[in-house]
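Chain by chain, the residues:
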Amino acid sequence: MLRALERKLLWLSAWTIHHANHIRPNRDGLKVGGHQASSASVAAIMTALYFDILRPQDRVAVKPHAGPVFHAVNYLLGRQEREKLSTLRAFGGIQPYPSRVKDGPEVDFSTGSVGLGVAMTSFAALVQDYVRLHELGRPELPHGRHVAIVGDAELDEGNIYEALLEGWKHDIRDVWWVVDYNRQSLDSVVPDRLFGRIEGLFRDMGWNVVTLKYGRKLEAAFARPEGEHLRRWIDDCPNSLYAALTFQGGAAWRSALLAELGRIPGIRAIIDPLTDEELGALMTNLGGHDVETLTEAFRAQEAAGDQPTCFIAYTVKGMGLPFAGHKDNHAGLMTKEQMQAFREEMRIRPGHEWDLFEGLEVPEAELRAFLAQVPFAKPLTPEGRSLAAPYVPVPERLPAVRLPPNRTLSTQAAFGELMAEIGRGGREMAPLAERVVTTSPDVTVSTNLGPWVNRRGIFDRHLKNDVFRDAKVASAQRWGMSPKGQHIELGIAEQNLFLVLGALGLADRMHGARLLPVGTVYDPFVNRGLDALIYACYQDARFLLVSTPSGLSLAPEGGQHQSVNTPLIGMAQDRLVAYEPAHADELAILLRHAFHHMQQPDGSAVWLRLSTRGVPQPARSLDPAAVIEGGYWAVPPDEGARIAIAYQGPVAPEAWAAFEALREEEPGAGLLAITSPDRLHDGWLKARHAARQGPGAALSPVERLLAPLATGAAIVSVLDGHPAAHSWLGAVRGQRVVPLGVDRFGQSGDIPSLYREYGLDTDAILDACAQALLKG
């Protein structure tokens, strides 16, 4: 049964790609692609997993280039429509690489960015343990395994090894990585014996390693008299030679074997009776293509326990296709003539290419009965594989921040105060506090999360005492570790931070328990984990990112720690709303909004960019809606005003000082507080789109904000970040914008020196105002 299904997966994946490239109309003439060879190499692995081993509660990351096989699996299981298979890589169709958002609930992990989906399984297993040990999940859901089907070239990605080390620290369980070791990448053949090194790394990190090199036919040949010579020859055969002989076929195998082993009688007895076709089949009978070998190994590991396990499954790239083993087969596509020959070999009649059981020798009734009882075919829950969890109540207001006597406070310090108050709990705050889980890459204290951790503890699968506290060593940090802790401490690897946030932010849909993840990181090092951040957003994971400290305002730390481009990232990144509050009252509104927004069906992840610079805290009452929309008039302009100053973040004191001086000359000027250029810009784009659909569209928040200014008015904007974050404001109503900001690497110094050098100080703002008015 499994061999028949493997054959069907090979056909369907190859035909789906062929249809997209050669049958479906191609209006722009671009190559569609689809990785037939990469799909073929995992057909047996995915057959063994999906039709024998996996249970409904298991979660799987399929290697990106095996997307067509994944869709074929779901077609056989009745979870994918026949018509959809014909839409591979078409607009509105199934994606080239499995996507949670675009391909539907059957996808557990999006895997388009190589290596990240693999590592994500490790952190998803950690989150499953978190949910279970906190007793937050649905009791009827059984414990699942997290499986990654890994392309061997994915193991070139550095994030894999960062995740391995972090997994070792957290003693992860219930993770399988099944490596499709076909030894070919996009450009070349993988270096010989690479896995001797990689295997050692896995073992050092506490993993079990199972190598599946040979199938049963080869093992039987090795067991014959003098068969050990054949095993040794294959073991010593360079990867490139093995691949070339595979492509050349049985006659080439025979010539090579006879040249080196022909004088050994036992070897002649093995190969002489075989036809060239039979000899080629024997020599490519690797473990990753032998369903019996695969299922036996998987079952044995199931019985062995929950230790993380790496299966190294030797395969041939393009197995069963005419370009099997060819070094250029990664992006190769079968020609129409090759597909016709392949169709005949697979016994597929024209017009029956999509038929479920076409060309198989096993009777249809038997296959249908078999598929009906496949464990993975059973639904995980009545609502399917993508779960849901109730909304976590968020109080209408968060606790007020305690201000020092001089009423000067930084947004980073205010964040620490707010999190500490949430951590205190209390009747109104307890439901929220219980679902918040924080994480940080070794910057917990320096991003002001310490007081929260003191109250809520560090998560560990095992109870561990605070040794310093037990020894009565004075410390501000009281960090006991236990299964009930609510902070996940990470090493200095930002990729891991965003993968953890991604896994935590999918807990409602993966594990049936809503968590409210908060991750802190130094703002400039968002860039170091940017790939994983984009990946987490692409999966629609919901989390709060707090990046601090930011910009030149970090001052003495120097240019390596002073971020410039992060406001632009916040504006450009989909499924992530970005804010930069200047004051504690704005932050309290936005933090409360983040916990609410993360839970909405049309919500997203949220990013707060904070600063260590203490700024005066005004006594006032704000409109929360305006702060959330992205901006408000700190001082409204007169109708028809010629000029306004707009500021964002910690440069507020300089903007206010410049504004007070400006008002002496321009009493009607306005002062605009921008809390989010991202939200203002997004609202403007949506309003423009609505206007194109017809009359009657409402004005966007930024259009309403700028409406009082004269048509030719000047807007002098300033932020501790790239000025392009504000320069677009001039396109809203045709007003002139003079954007001030930072567009080059910073340096060490104090804030007055740096602000003067980079044009953020009061004098620079007033000079920009004077020039703007003169030009006006």
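No experiment lies behind these values; they were computed from the predicted model shown. (Residues numbered from 1 in each chain as written. Predicted model: local features only at pLDDT ≥ 70, side-chain atom pairs only at ≥ 80, totals over all residues. Heavy atoms only, no water.)

### Let's talk about the sheet that holds strand 17 (residues 641-648)
- Spatially, 16-18-17-19-20 is the arrangement adopted by the five strands of the open sheet, whose pairing is mixed. Each having just a single partner strand, strand 16 (631-635) and strand 20 (736-740) make up the two edges of the open sheet. Direction aside, the axes of adjacent strands within the sheet are offset by 25 degrees on average.
- One ladder, built from four bridges, connects strand 16 with strand 18 (residues 670-674); its direction is antiparallel. Across the sheet, the residue bridging to Val635 is Leu671, located in strand 18.
- Seen against the sheet, helix 35 (residues 762-775) touches strand 17, strand 19 (709-719) and strand 20 and runs at an angle of roughly 160 degrees to strand 20. (Pairing = 2+ DSSP bridges. Helix = DSSP H or I, 4+ residues; strand = E, 2+ residues; numbered from the N terminus. Axes fitted to C-alpha atoms, helices over the stretch in contact; angles between N-to-C directions. Contact = heavy atoms within 4.5 Å.)

### What about the sheet that holds strand 1 (residues 59-61)?
- The sheet built from five strands is open, its strands ordered 1-2-3-5-4 with parallel pairing. The outermost strands of the open sheet, each flanked by one partner alone, are strand 1 and strand 4 (208-212). Neighbouring strand axes in the sheet, compared pairwise and without regard to direction, differ in orientation by 15 degrees on average.
- Strand direction decides the pairing type here: strand 3 (residues 175-181) and strand 5 (residues 309-314), joined by six bridges, are parallel. In the strand pairing of strand 5, Trp176 is matched with Thr309.
- Relative to strand 3, helix 3 (residues 43-53) is tilted by about 150 degrees, and along the sheet it contacts strand 1, strand 2 (146-151), strand 3 and strand 5.

### Observations regarding helix 17 (residues 336-346)
- Of the positions making up helix 17, those classed as buried are Met339, Phe342, Arg343 and Met346. Projected onto a plane normal to the axis of helix 17, the buried residues spread over an arc of 105 degrees and lie on a single side. Across from the buried face of helix 17, at angles greater than 90 degrees, the exposed residues are Glu337, Glu344 and Glu345.
- Check the buried side of helix 17 and you find it contacts helix 1 (2-23) and helix 2 (36-40).
- Residue Arg347 follows helix 17 closely and has a positive phi angle near 60 degrees. (Buried < 20%, exposed > 50% of the residue type's maximum accessible area, 1.4 Å probe, protein only. Arc of directions from axis to C-beta.)

### Things to note about helix 10 (residues 216-223)
- Every buried residue of helix 10 is listed here: Leu218, Ala221 and Phe222. Projected down its long axis, helix 10 carries its buried residues within an arc of 100 degrees, all on one side. Opposite its buried face, helix 10 presents the exposed residues Lys217 and Ala223, each directed more than 90 degrees away.
- The inward-facing, buried residues of helix 10 abut helix 11 (228-236), helix 14 (265-271) and helix 15 (276-283).

### A word on the environment of Ile643
- Considering the arrangement of structural elements, one finds Ile643 in strand 17.
- When neighbours within four sequence positions are excluded, Ile643 is seen to be in contact with Leu662, Glu666, Ala669, Gly670, Leu709, Ala713, Ala714, Val716, Cys769 and Leu773.

### Examining the pattern of salt bridges
- Here the structure, examined in full by the defined rule, presents 51 salt bridges.
- Glu666 is the partner of Arg642 in a salt bridge, and the nearest nitrogen-oxygen pair spans 2.4 Å. Residue Arg642 is found in strand 17, and its partner Glu666 is found in the loop between helix 29 (652-665) and strand 18; the two are separated by 24 residues along the sequence.
- The class of Arg642 is partly exposed, set by a relative accessible area of 44%.
- The network of salt bridges with shared partners includes Asp129, Arg132, Asp171, Arg173, Asp306 and Arg461. (Salt bridge = Lys/Arg side-chain N within 4 Å of Asp/Glu carboxyl O.)

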